[in-house]
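Examination of the molecular architecture
Here are the chains, one letter per residue:
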Amino acid sequence: MAEITCGSRSTREINADIRKALAAGEREIIVREPGARHNLGVGILEPVRIRFAGSVGYYCAGLIDGPSIEITGSAGWGLAESMMSGEVVVRGSSGNGAAAAIRGGTVVIHGDAAARLGVSIKGGTVLVAGSCGYMAGFMGQKGRLVVCGDAGDAFADSLYETACFVGGRIQGLGTDAVVEAPTPEDIAWLDSTLAEYFPGAPRGKQFQKVVAGRKLWNFDKREWKVWQEAL
Amino acid sequence: MCGIVGFFAKSREPAELGRTVLGMLRALGCRGPDSAGVALFGAPHDGSFALRVKLGEGADLEGKARKLARFLEAEQRCSHFSSTAAYARFLAAGDRDLDRLASAIESLDRDFEVVSIGHRLEIIKQTGSPENLEKTYCVSEIRGTHGLGHTRLSTESRVDLSHSQPFWSHGFPDLAIVHNGHITNYHQLRRRYQQRGIRFYTENDSEVVAIYLAEQLRKGAGLHQALERMLHDLDGSYSCLAATEHQLGFVKDPFALKPLVMTETDDFVAVATEEIAIRSALPGTYSVREAQVKEVRVWPR
């Protein structure tokens, strides 16, 4: 296992050390005292375990494909943005835009997520043990977004085929968002997934499912009123 | 961009306020290289007000300080005059008409501006980095209970001392704000206030936040209520901190367009644009979270 201590060193030096450890064949790296620096662990493509012991700043674990990254503190804006595959686990809370535009993999937030969680996701799974803020799930195209606590305003606005699940209250639904009952398959998937990541979470059958009402998928001028409202 | 910070010590004993706020600001220097400033609430002066006057933007500051000192010699109940670099500072007795005194000072010289008045508030700001602010004014030595800080990246108005933040609400002692974002109905609000005779000292849209909050507080609103009303009346993007003699508060705009994180422990409250500001100035174990959309919080003493 490689240990990297950030101390007063620059982000560039720390990331270079991570690269060096990867090149040397290390498959487990611990980064101490990250001090909420930005841009840590971006673009990692190896199936490696990296643990940031503390908080990270903006864009941590963005553009990754394959690694398993754990953050023991909280994360700033743009966590795991555009990840392809792998796992990112935050023990604390996340800033705005966590898991934005991911195509695969799993993003796990044990605390709360701020605004614009999982916007425009194209696959993968986003799991939040706490609550999420404004405009979560906006324009989600595929994948699943699960919030065990409450969801903020404009939830699941303008969705395509992302399935969203909320265990608590939804402050307000976004345009074209529709609540429906989860299917038995959904409930089974929620139960097994949540048992793995959040053992204390509500049971799958307690969740509301939110999907697209499909009114915005095709433009039809007879539905001009719907569009006026949406825009 | 821009970086804002706020620190509130829960203890009544004056803390190393200047050192903490400066430490937080240093971490946000890269967000705002144009200017840096602090609004610090120190020990009160037995009912007197501290006035801080901008002497000018660079030329013949010593001459201007002498000019102000001569004027104050003839004034009643003004004492403890001193000057450092671009600022003069003195105390005025609590029963003086401060508006009249401030406008008399400002009419002495076109460069003069009363930057802050308060029982405890002192604003120190200038162009350049937090490091420069420390070099010129030894901010880290100032003790107090709570304060604000700002690093500025100018996007809409000129870069000079007056356009830097924090802003004092002219005419309203002990009220200061810092703002990160843009107030998009600024021109409309500015016209409305100017028609009522309120003077704007700068073309910086953040100044209107200070004027707006002072108006709300004058109408009898508490700071919490005033910040909530801001969500209705001010458009655009804003993470904004406000401080009075006994309170620190923040508001985040209805689209959550600007960052703001916070932490609260048994000893202090710290709020900042980025977590790195809190972590680099305040050691210890605590958790930090992003403020939610439309969130308003106020900590009273």
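In case you missed it, the structure is sitting above this.
Now for a look at the structure at hand.

What counts as what
Residues numbered from 1 in each chain as written. Chains lettered and ligands numbered in written order. Predicted model: local features only at pLDDT ≥ 70, side-chain atom pairs only at ≥ 80, totals over all residues. Heavy atoms only, no water. Helix = DSSP H or I, 4+ residues; strand = E, 2+ residues; numbered from the N terminus. Rg over C-alpha atoms; globule rule 2.2 N^0.38 Å. Buried < 20%, exposed > 50% of the residue type's maximum accessible area, 1.4 Å probe, protein only. Contact = heavy atoms within 4.5 Å. Areas by Shrake-Rupley, 256 points an atom, 1.4 Å probe, with all protein chains shown as cover. Lys, Arg positive; Asp, Glu negative; His and termini not counted. Charge placed at Lys NZ, Arg CZ, Asp CG, Glu CD. Phe/Tyr/Trp six-rings, centres within 6.5 Å; stacked < 30°, edge-to-face > 60°. Lys NZ or Arg CZ within 6 Å of the ring centre and 35° of its normal. Axes fitted to C-alpha atoms, helices over the stretch in contact; angles between N-to-C directions. Parallel < 35°, antiparallel > 145°, perpendicular 65-115°, else oblique. Left-handed = near helix turned anticlockwise from the far one by under 90°. Nonpolar A, V, L, I, M, F, W, Y, C, P; charged D, E, K, R; others polar. Pairing = 2+ DSSP bridges. Buried area = accessible area lost by both parts, 1.4 Å probe. Arc of directions from axis to C-beta. Salt bridge = Lys/Arg side-chain N within 4 Å of Asp/Glu carboxyl O. Polar contact = N/O pair within 3.5 Å; in protein donor to acceptor, adjacent residues only side chain to side chain.

Focus on the overall build of chain B
Helix and strand counts for chain B stand at eight helices and 16 strands. Against the globule reference of 19 Å for 301 residues, chain B gives a C-alpha radius of gyration of 18 Å, in line with a compact fold. Expressed as a percentage of the 301 residues in chain B, the buried residues total 62%. Restricting to contacts in chain B with at least 6 residues of sequence separation, those with at least 24 account for 72%. Carbon and sulfur atoms provide 48% of the accessible area of chain B, an area that totals close to 11900 Å². Side chains of chain B give 37 positive and 39 negative charges; the mean places of these two sets differ by 2 Å.

Quick word on the packing of aromatic side chains
In this description, an aromatic ring pair is defined by two values, namely the gap between the centres and the angle between the planes. Across all of its chains, the model carries 11 aromatic pairs over all chains by this definition. Judged by centre distance (6.4 Å) and plane angle (85 degrees), the ring pair of F219 of chain A and W224 of chain A falls under edge-to-face. For F219 of chain A, a relative accessible area of 54% translates into the label exposed. For W224 of chain A, a relative accessible area of 47% gives the class partly exposed. Both rings, one in F268 of chain B and one in Y286 of chain B, keep their centres 5.8 Å apart while their planes meet at 85 degrees; by these two values the pair is edge-to-face. Of this pair, F268 of chain B sits in strand β14 (residues 268-272) while Y286 of chain B is found in the loop between α8 (275-281) and β15 (289-290), placing the two residues 18 residues apart along the sequence. Put simply, the rings of Y58, Y59 and W77 of chain A pair up and form one aromatic cluster. When the ring centre of W189 of chain A is taken as reference, the NZ or CZ atom of R144 of chain A above it lies at 4.0 Å.

A word on the packing of helix α6 (residues 207-218) of chain B against helix α7 (residues 223-233) of chain B
Residues and elements named next belong to chain B. One way to put it is that α6 packs onto α7 with a least axis distance of 9 Å and a crossing angle of 125 degrees. Taken together, α6 and α7 sit at an angle that is classed as oblique. Both α6 and α7 take part in a crossing whose hand is right-handed. Contacts from V209, Y212, L213, Q216 and L217 of α6 reach α7 at L223, A226, L227, R229, M230 and D233. Here the residues of the contact of α6 with α7 are counted per class, giving eight nonpolar, one polar and two charged.

Here's the deal with the sheet that holds strand β6 (residues 106-109) of chain A
Residues and elements named next belong to chain A. If you walk across this open sheet you meet the 11 strands as β1-β2-β3-β4-β5-β6-β7-β8-β9-β11-β10, and the pairing is mixed. Sheet topology places β1 (2-5) and β10 (177-180) at the edges, where each strand pairs with a single neighbour. Adjacent strand axes in the sheet meet at a mean angle of 15 degrees, parallel and antiparallel pairs treated alike. Of the strand pairs in this sheet, strand β7 (residues 122-128) and strand β8 (residues 142-147) are connected by five bridges, and their pairing is parallel. When the bridges of β8 are listed, V128 appears paired with V147. Packed on one face of the sheet, helix α1 (residues 11-23) meets β1, β2 (28-32) and β3 (49-53) and runs near 165 degrees to β2.

Section: the sheet that holds strand β10 (residues 176-183) of chain B
All names here are of chain B. Read from one edge to the other, the open sheet built from five strands follows the order β9-β10-β11-β12-β16, with strand pairing classed as antiparallel. Every other strand in the sheet has two partners, leaving β9 (167-168) and β16 (296-300) as the edge strands with one partner each. As defined by bridge partners, β10 adjoins strand β11 (residues 236-243) across eight bridges and the pair is classed as antiparallel. When the bridges of β11 are listed, H182 appears paired with S237. α6 contacts β9, β10 and β11 of the sheet and is inclined by roughly 125 degrees relative to β10.

Overview of the interface of chain A and chain B
Counting from both sides, the interface comprises 20 residues of chain A and, opposite them, 18 residues of chain B. Taking both partners together, chain A and chain B bury about 1300 Å²; carbon and sulfur atoms supply 51% of that area. Partitioned by chemical class, the residues of the side of chain A that touches chain B number nine nonpolar, nine polar and two charged.

Regarding helix α4 (residues 130-137) of chain B
Residue and element names in this part refer to chain B. Of the positions making up α4, those classed as buried are P130, L133, E134 and Y137. For α4, the buried positions fall inside an angular range of 100 degrees around the axis, keeping them on one side. Among the structural elements, α1 (17-27), β2 (35-41), β4 (78-84), β5 (87-92), β7 (121-127) and β8 (146-152) are those in contact with the buried residues of α4. Positive phi appears at C138, one or two residues downstream of α4, with a value of about 50 degrees.

Focus on the pattern of salt bridges
Summed over all chains, the structure comprises 31 salt bridges over all chains. Where D17 of chain A meets K20 of chain A, a salt bridge forms, and the shortest distance between an N and an O atom there is 3.6 Å. With D17 of chain A and K20 of chain A both in helix α1 and three residues apart, this pair spans about one turn of that helix. Classification of K20 of chain A by relative accessible area gives exposed; the value is 57%. Close ionic contact of E274 of chain B with R31 of chain B constitutes a salt bridge, the shortest N to O distance being 2.6 Å. Remark: R31 of chain B occurs in the loop between α1 and β2 and E274 of chain B occurs in the loop between β14 and α8; sequence separation between them is 243 residues. Across this residue pair, the class does not change: E274 of chain B and R31 of chain B are buried. Here the salt bridges do not stand alone but share partners, grouping K64, K67, D109 and D111 of chain B into one network.

Examining unusual backbone geometry
Following Q165 of chain B, the chain continues to P166 of chain B via a peptide bond in cis, the omega torsion being 5 degrees. Relative to the helices and strands, P166 of chain B is located in the loop between β8 and β9. At R116 of chain A, a position not held by glycine, the phi torsion is positive, near 55 degrees. Along the chain, R116 of chain A turns up in the loop between β6 and β7.

Details of the environment of Y201 of chain B
Residues and elements named next belong to chain B. Positionally, Y201 belongs in the loop between α5 (186-195) and α6. Along the chain, Y201 and V115 lie 86 residues apart, while their C-alpha atoms are 10.0 Å from each other. Excluding residues that lie within four positions of it along the chain, Y201 makes contacts with E106, E113, H170 and E207. Reaching out from Y201, the side chain makes a polar contact with the side chain of E106 at a distance of 2.7 Å.

Describing α1 of chain B
Here α1 of chain B lies mainly inside the structure; nine of its 11 residues are buried. Taken together, the buried positions of α1 of chain B are occupied by L17, G18, T20, V21, L22, G23, M24, L25 and A27 of chain B.

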